[in-house]
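Tertiary structure, described
Chain by chain, the residues:
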Amino acid sequence: MAGVLLWVICPKENASFAATTLFSLVPKSGLQLSRYPKVCSRQKLSNGVFAAASLSSAVVNLPRSSEEKVYEVVLKQAALVKEQKKERALDVRKGNDQAESMTRGDLLNGAYNRCGEVCAEYAKTFYLGTLLMTPERRRAVWAIYVWCRRTDELVDGPNASYITPKALDRWEQRLNDLFEGRPYDMYDAALADTVSKYPVDIQPFKDMIEGMRMDLKKSRYKDFDELYLYCYYVAGTVGLMSVPVMGIAPESKASTESVYNAALALGIANQLTNILRDVGEDASRGRIYLPQDEIAQAGLSDEDIFNGKVTDKWRSFMKGQIKRARMFFDEAEKGVAELNAASRWPVWASLLLYKQILDAIEANDYDNFTKRAYVGKAKKFASLPIAYGRALMGVSSKFAEPARS
Ligand SMILES: CC(C)=CCC/C(C)=C/CC/C(C)=C/CC/C(C)=C/[C@@H]1[C@@H](COP(=O)(O)OP(=O)(O)O)[C@]1(C)CC/C=C(\C)CC/C=C(\C)CCC=C(C)C
Ligand SMILES: [Mn+2]
């Protein structure tokens, strides 16, 4: 097995710093690694000099964390965008008979318009935000939205109790078909057209379906690593699907990967917030998404959650969870400014609105068992001009990395 072995040699007192630095740099380095860094027990080499860390793709057999696995999808999607090498697969675009392609064009417009209507019905504020985008981008985002909504409805909607893993397999087969230009219905046709025009990879879509499978078979999460993977599946994927359509500002100096990382962070932040808002509701369905090890460390148990009593232990536990969700929002904020100007507003609007749910949980004195944290109309309304102002502010320099080609 081929591999690289990297040693950092440094004075003893810097050993743990060097190891930590390796850990944090290597997953982001873009190297195609089959294994990630491992800190070796320090070995004395000569007087006072120690090997602090080693990275080996061949020698070390470490299980990868969810963050590392997800980062590979980020790199893949970013590479696709950079290369813009997407094949245009849709048959609709190949029509040589003019009359026929006009009819298909009308059908396609109708399909996109219907996606817009669904979007307006389920997510009014977001729909309004999309009206600022160019017509091409706007309708592509609607098509993605509708596919996501339909996927979520399979496990969350009125027919959820009839959904089996087999049904999800069939949904995935439909996804494969539409990516190959064989849409099943009008909504699929709109998405098929979108993925033929924008460098959108199929992986995040498949991963969202995987998240739905996870929801069917799992009702507890051992630790944050497991929860992170679930959040990526059901929400981080949305960020990865939308950025190729929303586009990165031509003047942005940020690396494509960093923008995708921010998009991923927004999905994770939204889903963590969703989980914190819905603790009581989920518990009533026998579900606890919060990490089991952290619940235990806080001196709490599943029973406490089912009983739904707000205690000091619960408050302090929730403070930690809210803090983590805010960290993901902070990470996401750095990336919004790098998006195309017309796409920033809906993203800022959804970010600010969702983030305020965390404030609402605090305002409810952490009672997410019996009170639903929500953002009132006045606050929602006030967020829109703030979002617009931030969208106008443009590209941030916080994120500058080597310029994209
Ligand atoms: C501009 C914008 C927000 C674009 C995204 C549009 C889009 C395609 C949305 C799809 C959302 C959807 C239906 C996902 C299905 C799974 C799901 C329901 C996830 C939860 C959403 C909240 O929905 P809700 O509160 O209704 O939840 P319930 O079903 O009622 O429980 C999620 C919590 C996740 C949604 C995730 C996002 C909106 C991520 C958005 C990220 C970006 C658009 C990337 C922005 C780019 C940068 C650089 C920051
Ligand atoms: Mn849902």
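Residues numbered from 1 in each chain as written. Chains lettered and ligands numbered in written order. Predicted model: local features only at pLDDT ≥ 70, side-chain atom pairs only at ≥ 80, totals over all residues. Heavy atoms only, no water.

Labelled according to an unreviewed UniProt entry, the protein chain appears under the name 15-cis-phytoene synthase, originating from Dovyalis caffra. Its UniProt record, at the heading Sequence similarities (unreviewed entry), says of the protein chain: "Belongs to the phytoene/squalene synthase family." (UniProt positions renumbered as here; feature names shortened; annotations may be inferred.)

All right, on to the pattern of salt bridges then. In the structure shown here, the tally under the stated rule is 33 salt bridges. The residue Asp-152 makes a salt bridge to Arg-149 at a minimum N-O spacing of 3.4 Å. Placement of the pair is Asp-152 and Arg-149 together in helix H5 (residues 135-156), with a separation of three residues, close to one helical turn. By relative accessible area, Arg-149 is classed as partly exposed at 26%. Of the charged contacts in the structure, one is a salt bridge between Asp-177 and Arg-182, with a shortest N-O distance of 3.0 Å. Members of the salt-bridge network, linked through shared partners, are Asp-169, Glu-172, Lys-206, Glu-210 and Arg-213. (Salt bridge = Lys/Arg side-chain N within 4 Å of Asp/Glu carboxyl O. Helix = DSSP H or I, 4+ residues; strand = E, 2+ residues; numbered from the N terminus. Buried < 20%, exposed > 50% of the residue type's maximum accessible area, 1.4 Å probe, protein only.)

Bringing the environment of Ala-79 into the picture now. Turning to its location among the elements, Ala-79 is positioned in helix H2 (residues 66-83). Residue Ala-79 is classed as partly exposed on the basis of its relative accessible area of 27%. Each C-alpha atom of the pair Ala-79 and Thr-256 lies 8.2 Å from the other, and the pair is 177 residues apart in sequence.

Going through the model one piece at a time under the given rule, you end up with 15 aromatic pairs. Here Tyr-228 and Phe-328 contribute two aromatic rings whose centre-to-centre distance is 6.3 Å and whose plane-to-plane angle is 40 degrees, an arrangement assigned as tilted. With Tyr-228 in helix H9 (residues 224-246) and Phe-328 in helix H14 (residues 312-336), this residue pair connects regions lying 100 residues apart in the sequence. By the burial criterion, Tyr-228 is buried, and Phe-328 matches it. Both rings, one in Trp-314 and one in Phe-369, keep their centres 4.7 Å apart while their planes meet at 35 degrees; by these two values the pair is tilted. Pair noted here: Trp-314 is in helix H14 and Phe-369 is in the loop between helix H15 (341-363) and helix H16 (377-393), with a separation of 55 residues, a long-range link. Residue Phe-369 is classed as buried on the basis of its relative accessible area of 13%. Pairwise contacts between aromatic rings join Trp-147, Trp-171, Phe-179 and Phe-205 into one cluster. It is Lys-218 that lies over the ring of Tyr-221; its NZ or CZ is 5.0 Å from the centre. (Phe/Tyr/Trp six-rings, centres within 6.5 Å; stacked < 30°, edge-to-face > 60°. Lys NZ or Arg CZ within 6 Å of the ring centre and 35° of its normal.)

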